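# Residue-level structural notes
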Amino acid sequence: MNLEQANRRLSMRLAVIALGMFGFGFALVPFYNQICAALGVNSLTQRDSISNTQVDASRTVTIELDANARDLPWSFRPLVNHVQVHPGELATVEYEIVNQKSAPVTGQAVPSYGPQFAGEYFRKLECFCFTQQTLAAGETRRIPVTFVVDPKLPGDVNTITLSYTFFEVAGRGGKS
Amino acid sequence: MSAVVDSHGHGHAHDYGDHHGGYGGIMRWITTTNHKDIGTLYLWFSFLMFCIGGIMAAVIRAELFSPGLQFVDPDFFNQLTTMHGLIMIFGAIMPAFVGFANWQIPMMIGAPDMAFARLNNWSFWLLPFAATLLVVSFLVPGGAPGVGWTMYAPLTVQMGMGMDFTIFAVHLLGMSSILGAINIITTILNLRAPGMTLLRMPLFVWTWLITAYLLLAVMPVLAGAVTMTLTDRHFGTTFFNAAGGGDAVLYQHIFWFFGHPEVYVVALPAFGVISQVIPAFSRKPLFGYASMVYATAAIAILSFIVWAHHMYTTGLPVTGQLFFMYATILIAVPTGVKVFNWVATMWKGSLSFETPMLFAMGFLFMFTLGGFTGLVLSIVPVDIQLQDTYYVVAHFHYVMVAGALFAAFAGIYFWLPKWTGRMYHETLGKIHFWLTLVFFNMIFFVQHFLGLAGMPRRIPDYPLMFETWNKISSLGAFGMGLAQLLFLYIVVKCIRSGAPAPQKPWEGADSLEWTHLPTPVPYHSFETPPVLH
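Residues numbered from 1 in each chain as written. Chains lettered and ligands numbered in written order. Predicted model: local features only at pLDDT ≥ 70, side-chain atom pairs only at ≥ 80, totals over all residues.

### Some points on the overall build of chain A
Broken down by element type, chain A carries one helix and nine strands. Scanning chain A from its N terminus toward the C terminus, one meets helices and strands in the order α-β-β-β-β-β-β-β-β-β. Counting only C-alpha atoms, chain A reaches 85 × 45 × 20 Å along its principal axes. For chain A, long-range pairs separated by at least 24 residues make up 77% of all intrachain contacts whose partners lie at least 6 apart in sequence. (Helix = DSSP H or I, 4+ residues; strand = E, 2+ residues; numbered from the N terminus. Contact = placed C-beta atoms within 7 Å.)

The structure is reproduced here in structure tokens:
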């Protein structure tokens, strides 16, 4: 019957729309990442640039360093607990990771800042978080972070906490 | 619709027959493929869920009657707010309007039944299983998920197995909605009686056609979001799990891409019901029919580009905040077109205020108020202050309860005489309306004050200064719950012993079910399509 065929054809088309939208939900994931990259938001593990390197010697900002390893057989610590810097001044701090497992492990560090908005003014020029780190069994590694605190940092911020957390990159097992 | 001609005459009513398929008793309902039976199932199911969700709301309000912790611990409180939201939206309001769609769409367009009768049966019978999963999740170790109805990551990644129950329930609910939407679109596009052109369809049918497309576009996205949550929980993916480089804010984007159109999935059929009721009791055709259709379509399209107004405080760039703010404010334009059209329909009409009209008027006032608080919340700097306060709770209950629920009550009182062949008790209906209206405002109007004063939502405790308004709100909630028992009594009394209803109890009603079908409507209607001119 004609109507039955028309019904079936229309329902198939509608089902294709539904399936397509299910796929669209998943397509939002790379789309979101692209948008974030394009707009420069959520770029915690990207290299920053800074143009104005005028040092503001009249201010001193305390950078507190914090380090965590989550579900990772690593000991991970900064070599100093805090440093004092002037805004605009180039500074380098070092961290130490020790792989306590008898097998290679790959990890990725993600930074976070306190207060949160200070992240905008904390420009990392070199960071171990830009790439995944693979440590051989029992390996100890010293890794640097080079940064500049933007002189535009609001005047009421005197302390910035920089906290890194290392996550295991599942399935890499040191094969990176 | 005034140009239609009754080609059947009532002498032919016996042609329709009144047999209920091959089964009697419970098997009739399990195996039924009749759109009226399935509509009835949807409506009773929705009422049951409304009661369950209402009991949860009553426990929430009992806990909030006084500061401090009285009856439930905070974990269980969170589970209650989560399940209250999920059950009311997916279990009560959406099925209620699908019930109306099943009953009304075939009769309004002159079709014998829905396009896919068996699929229709399946769409309904998925729901009880989904509801069972939701309710049973309270009994598993760890209890129901206490994550809020929005199911935000990363909390969902950490919850116990109750979360998995909820995820599968959402899958089933989504499947039911998608199948229902395919069925409704096919019915409307392919099964209209000759002469029933698209722009002659009653507005209720139009709103459902657009709603069905919305469902088709967004329910799969929700299914995707909860599927990602599921694989994050059990299969080692890290869509939202920060421990593997995922992003919890991504979940919010995907969820609200579904979530905002979902608001209109609930609201548009309510607009449709109101657009049938107000002309009938104004004894005038709907003012601006074509503009109503275009406004509905415009709302549906705009609803896809406003989702991030739920996320102003997630660190959105300012450009993004501005875009979503302006887009949201833009929705007020087509919504305003609708409100003014309803008012213009009543202008110089010969109005009468039977219960359906009372609920429609209640809808008009309260829904518009909810729309205004929505506009307030759409403004970024205001929203940053009011995010997650009781102001938001008050806002969406004005839209969901005084909007959708009032429209559902209006629809029930409007069509009940046609469906059952008996009149409801008019005085009791009016009492039900006034009780509901007064208690509703008692619950939610004062929540605006609480929100403006800074009381956060989803917290079982609050500072002493909020006590008075919370007590009023809680008392209103208990009253509103009891008033719905009166509604149940009115409906049961109407079905069992109401006075016989005439073919057209409402003078101004003019769609096909009133003009072409006897009362009560026969089990099978329009087996030969009506002739329209």
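Having seen the structure, we can now continue with the description.
### Overview of the overall build of chain B
Scanning chain B from terminus to terminus reveals 16 helices and zero strands. The C-alpha atoms of chain B give 23 Å as radius of gyration, which agrees with the globular expectation for 533 residues (24 Å, within 12%). Overall, the C-alpha framework of chain B stretches about 70 × 50 × 45 Å when taken along its three principal axes. Expressed as a percentage of its 533 residues, the buried residues of chain B come to 54%. Of the contacts formed within chain B by residues at least 6 apart in sequence, a portion of 83% connects residues at least 24 apart. (Rg over C-alpha atoms; globule rule 2.2 N^0.38 Å. Buried ≥ 20, exposed ≤ 12 C-beta atoms within 10 Å, placed from the backbone.)

### Brief notes about the sheet that holds strand β2 (residues 74-78) of chain A
Residues and elements named next belong to chain A. Strand order in the open sheet made by the four strands is β2-β4-β8-β6, with antiparallel pairing throughout. Strands at the two margins of the open sheet, each flanked by one partner only, are β2 and β6 (122-127). On average, each strand axis in the sheet is inclined to that of its neighbour by 25°, with strand direction left out of account. (Pairing = 2+ DSSP bridges. Axes fitted to C-alpha atoms, helices over the stretch in contact; angles between N-to-C directions.)

### Some remarks on the nonpolar core
Core analysis: the largest hydrophobic core is formed by 180 residues, its most contacted members being Ile93, Val205, Ile274, Val277, Ala360, Phe363 and Ala410 of chain B. Sorting elements by how many residues they give to this core places helix α13 (residues 390-420) of chain B first, with 23 residues. The contact partners of valine 277 of chain B, leaving out residues within four places of it in the chain, are Pro356, Met357, Ala360, Ala410 and Phe414 of chain B. Core analysis: the second largest hydrophobic core is formed by 25 residues, Leu72, Trp74, Leu135 and Phe167 of chain A among them. (Core = buried A, V, L, I, M, F, W, Y, C linked by C-beta atoms within 7 Å.)

### Things to note about helix α9 (residues 289-302) of chain B
Residue pairs spaced three or four apart in an α-helix point in one direction, given the helix's 3.6 residues per turn. Between its terminal C-alpha atoms α9 of chain B stretches 20 Å, which fits the 20 Å expected from 14 residues at 1.5 Å a residue. Of the surrounding elements, those touching the buried residues of α9 of chain B are α7 (203-234), α8 (248-282) and α10 (318-346) of chain B. (Expected span 1.5 Å × (residues − 1).)

### A word on the domain arrangement of chain A
In terms of domains, chain A is made up of domain 1 (1-42) and domain 2 (61-168). Of note, the centres of domain 1 of chain A and domain 2 of chain A, computed from C-alpha atoms alone, are 41 Å apart. (Domains from an automatic or database assignment.)

### Observations concerning the sheet that holds strand β5 (residues 105-114) of chain A
All names here are of chain A. Reading across from one edge, β3-β1-β9-β5-β7 is the order of the five strands in this open sheet, with mixed pairing throughout. Single-partner strands in this sheet number two, and they are β3 (82-85) and β7 (133-135). Between one strand and the next, the sheet's axes are offset by a mean angle of 30°, whatever the strand orientation. One ladder, built from three bridges, connects β5 with β7; its direction is antiparallel. In the strand pairing of β7, valine 105 is matched with leucine 135.

### Re the environment of histidine 310 of chain B
All names here are of chain B. Along the chain, histidine 310 falls in the loop between α9 and α10. Histidine 310 sits in the buried class, given 22 other C-beta atoms within 10 Å. C-alpha of histidine 310 to C-alpha of tryptophan 256: the two residues are 54 residues apart in sequence and 7.3 Å apart in space. Apart from the residues within four sequence positions on either side, histidine 310 is in contact with Trp256 and Gly259.

### Structural notes on the confidence of the model for chain B
All names here are of chain B. Here chain B averages 93 in pLDDT, while 95% of its residues score no lower than 70. Low pLDDT, under 50, characterises residues 1-17; the predicted model gives this stretch 28 contacts beyond four residues in sequence or across chains. As a predicted assembly, this complex carries a pTM of 0.88 together with an ipTM value of 0.88. (pLDDT = per-residue confidence, 0-100.)

### Concerning unusual backbone geometry
With an omega of -5°, the peptide bond running from glycine 114 of chain A to proline 115 of chain A counts as cis. By the secondary structure assignment, proline 115 of chain A is in the loop between β5 and β6. With an omega dihedral of 5°, the bond running from alanine 153 of chain B to proline 154 of chain B counts as a cis peptide bond. Along the polypeptide, proline 154 of chain B turns up in the loop between α4 (117-136) and α5 (155-158). The phi angle at methionine 151 of chain B is positive, at roughly 55°, despite the residue not being glycine.

### Digging into the interface of chain B and chain A
In many analyses, interface size is given as the accessible surface area lost on bringing the parts together. Each side of the interface is counted separately: chain B has 27 residues, and chain A has 25 residues. Mapped onto the side of chain B that touches chain A, the elements with two or more residues apiece are α6 (161-190), α7 and α8 of chain B. Counting residues per element, the side of chain B that touches chain A draws most heavily on α7 of chain B, at seven residues. Residue classes in the side of chain B that touches chain A are distributed as 18 nonpolar, eight polar and one charged. (Nonpolar A, V, L, I, M, F, W, Y, C, P; charged D, E, K, R; others polar.)

### A look at the packing of α10 of chain B against helix α11 (residues 355-378) of chain B
Residue and element names in this part refer to chain B. Relative orientation of the contacting elements α10 and α11 amounts to 165°, with a least axis distance of 10 Å. The orientation of α10 relative to α11 falls into the category roughly antiparallel. Judged by the sense of rotation from one axis to the other, the crossing of α10 with α11 is left-handed. In contact with Met325, Thr328, Ile329, Ala332, Thr335, Val339 and Trp342 of α10, α11 contributes Leu364, Thr368, Gly371, Leu375 and Ser378. (Parallel < 35°, antiparallel > 145°, perpendicular 65-115°, else oblique. Left-handed = near helix turned anticlockwise from the far one by under 90°.)

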